[in-house]
Every structure is written in structure tokens, then in C-alpha cells.
Amino acid sequence: MLDVVVLVSGGGTNLQAIIDGVESGSITNTRITGVISNNKNAYALERAKKHGVRNQCISPKDFASRDEFNERFIEVIDEWKPDLIVLAGFLVVIPPAMIERYRNRIVNIHPSLIPSFCGTGFYGLKVHEAALERGVKVVGATVHFVDEGTDTGPIILQKAVEVEAGDTPEILQKRVMQQAEWKILPRAIDLIANGKVSVCDGKAVISQ
Ligand code: GRF
């Protein structure tokens with residue numbers, strides 16, 4: 001059984017996709033053992049509460065320094081003993097010590113086809129604004145392991161989505177969520193939960 005802790009900052013639609021996947025059985029061998037947010041107003045916390053999932057808010061704003069936050073943050077994570085940490089729209093930088101301790105056990109969902117429109121400054125709507133500005137015809141989402149860089153870890157799954165005439169950043173974001181994010185994040189968790197993902201020479205390998 002894969003114990004998963006999900007880190008969130010916003011609306012939690014990706015968290016909801018994971019909750020729904022576990023409840024429907026499309027995600028097997030997995031239980032969500034906790035949700036942590038840096039934002040006490042995140043609707044994602046409401047989603048956790050509605051489904052009886054342990055949840056906690058911990059924010060850098062509540063600590064005298066980032067180092068003190070990082071220390072407490074890692075303590076909480078360690079107490080919850082996750083097998084996998086899922087970043088589902090989590091907007092706080094993961095402490096290097098946590099990345100080291102949970103090497104290839106932290107995954108992130110990014111709303112673009114990495115290496116396009118990713119890295120520092122590319123998050124949320126900014127990703128879709130940049131894609132429309134560039135005039136790309138295909139966008140999508142990526143699930144990857146988290147390493148010390150920003151959106152640079154081994155890519156696990158990607159799914160492409162067509163850009164359509166008249167798309168605004170908001171319309172495009174919603175399509176990428178519906179057609180890509182909410183599908184590949186649950187699928188990646190199910191693959192990991194069933195031992196089908198490994199990392200070799202810095203690349204994620206999926207065994208069928
Ligand atoms: C998603 O677009 C995800 O790709 C990005 O942050 C957003 C989170 O949305 N990392 P939600 O909180 O899951 O609705």
C-alpha cells in the first residue's frame with residue numbers, strides 16, 4: 001500500500017482527481033494519508049476535510065525564517081511517513097534536505113510539456129499566457145520527479161492538448177487540467193503504487 005501525502009496551495013482540483021481515483025479504484029494500492037497546504041484558505045483543504053483526509057496548514061509566513069519553516073516542514077512530513085509526496089499546485093519551494101531524503105519519491109504536476117514553458121516564473125496562468133503568446137498549437141501537462149532544479153526532474157508521464165481558436169489563458173488552463181492533468185497525475189500515482197516506475201541514468205522508465 002502506497003501512503004501518499006499531497007501538498008497543495010490552491011483550489012485542489014488535482015487533489016480531487018487523486019481522491020476520486022482512489023475512491024473509484026482507478027488508482028490502486030494507494031491511500032492518501034494527509035494533505036498539507038501553506039495557504040489556510042486553500043479550497044483544497046476543504047476537499048480533504050470533505051473526504052475525511054488528515055490535513056494541516058503550515059506556512060513560511062508563520063516562521064521567523066525560511067530555515068525554521070523548512071525544519072518544521074520536514075519534521076511534519078517525516079512524522080506522516082509518506083511513501084510518496086505529491087505536489088499538486090504547491091507553490092512553496094521544497095527544501096533541498098527534503099528532496100535528498102525523498103529522492104525520486106516526490107512528484108509534481110506541471111501544466112506544460114516540459115521543457116517548454118517551465119522553470120522559474122512559469123506557474124499557473126503564466127504558463128498558458130506564455131504558450132498563447134508564443135502561438136504554439138499543442139500544449140499539455142507533465143508529471144515528473146522533483147529534484148533540486150525547477151521542473152527539471154525525470155519526466156514520468158506527459159499528455160498533449162490542442163490549442164483551439166479563441167483560447168484565452170483561462171480556457172486553455174481548464175482544458176489542460178481536464179484533458180491532461182487530472183488524467184496523468186492519477187495514472188502516475190497508480191504506476192508508482194504498483195512498482196512500475198524506476199529511474200535509470202536520470203530518466204524515468206515505466207515497465208508495463
Ligand atoms: C494546476 O494547474 C497545476 O498544473 C499547477 O497548479 C495548478 C493547481 O491547480 N501546478 P489545483 O489546485 O490542483 O486546482
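All values reported here derive from a predicted model rather than from experimental measurement.

Right, let's talk about the overall build of the protein for a bit. Of regular secondary structure, the protein possesses six helices and nine strands. The C-alpha radius of gyration of the protein comes to 16 Å, within 12% of the 17 Å expected for a compact globule of 208 residues. Summarising its shape, the C-alpha atoms of the protein cover approximately 50 × 40 × 40 Å along the three principal directions. Going through the 208 residues of the protein one by one, you find that 49% of them count as buried. Within the protein, counting contacts between residues at least 6 apart in sequence, those at least 24 apart form 63% of the total. Placing the 23 positive and 25 negative side-chain charges of the protein at their respective mean positions leaves the two points 4 Å apart.

Another point: the domain arrangement of the protein. By domain assignment, the protein separates into domain 1 (1-102) and domain 2 (109-208). Here the C-alpha centroids of domain 1 and domain 2 sit 19 Å apart. Summed over both partners, the interface of domain 1 with domain 2 buries about 1400 Å², with 68% contributed by carbon and sulfur atoms. The tally of links between domain 1 and domain 2 comes to zero salt bridges. Connecting domain 1 to domain 2 are six residue pairs in polar contact (both at pLDDT 80 or more). At the level of secondary structure, the elements contributing two or more residues to the side of domain 1 that touches domain 2 comprise strand S1 (2-8), helix H1 (13-24), strand S4 (84-88) and helix H4 (96-101). Taken together, the residues of the side of domain 1 that touches domain 2 break down into 11 nonpolar, seven polar and one charged.

Quick look at the site of the ligand now. Inspection of the region around the ligand gives Gly10, Gly11, Gly12, Thr13, Asn14, Gly89, Ile109, Pro111, Met177 and Glu181 as its neighbouring residues. Between the ligand and Gly11, the relevant distance is 3.4 Å, taken from an oxygen atom to a main-chain nitrogen or oxygen of the residue. Contacts to the ligand include Gly12, whose backbone N or O atom sits 2.8 Å from an oxygen atom. If the ligand stood free it would expose 360 Å²; the protein chains cover 87% of that surface.

What counts, and at which threshold
Residues numbered from 1 in each chain as written. Predicted model: local features only at pLDDT ≥ 70, side-chain atom pairs only at ≥ 80, totals over all residues. Heavy atoms only, no water. Helix = DSSP H or I, 4+ residues; strand = E, 2+ residues; numbered from the N terminus. Rg over C-alpha atoms; globule rule 2.2 N^0.38 Å. Buried < 20%, exposed > 50% of the residue type's maximum accessible area, 1.4 Å probe, protein only. Contact = heavy atoms within 4.5 Å. Lys, Arg positive; Asp, Glu negative; His and termini not counted. Charge placed at Lys NZ, Arg CZ, Asp CG, Glu CD. Domains from an automatic or database assignment. Buried area = accessible area lost by both parts, 1.4 Å probe. Salt bridge = Lys/Arg side-chain N within 4 Å of Asp/Glu carboxyl O. Polar contact = N/O pair within 3.5 Å; in protein donor to acceptor, adjacent residues only side chain to side chain. Nonpolar A, V, L, I, M, F, W, Y, C, P; charged D, E, K, R; others polar. Near = heavy atom within 4 Å. Areas by Shrake-Rupley, 256 points an atom, 1.4 Å probe, with all protein chains shown as cover.

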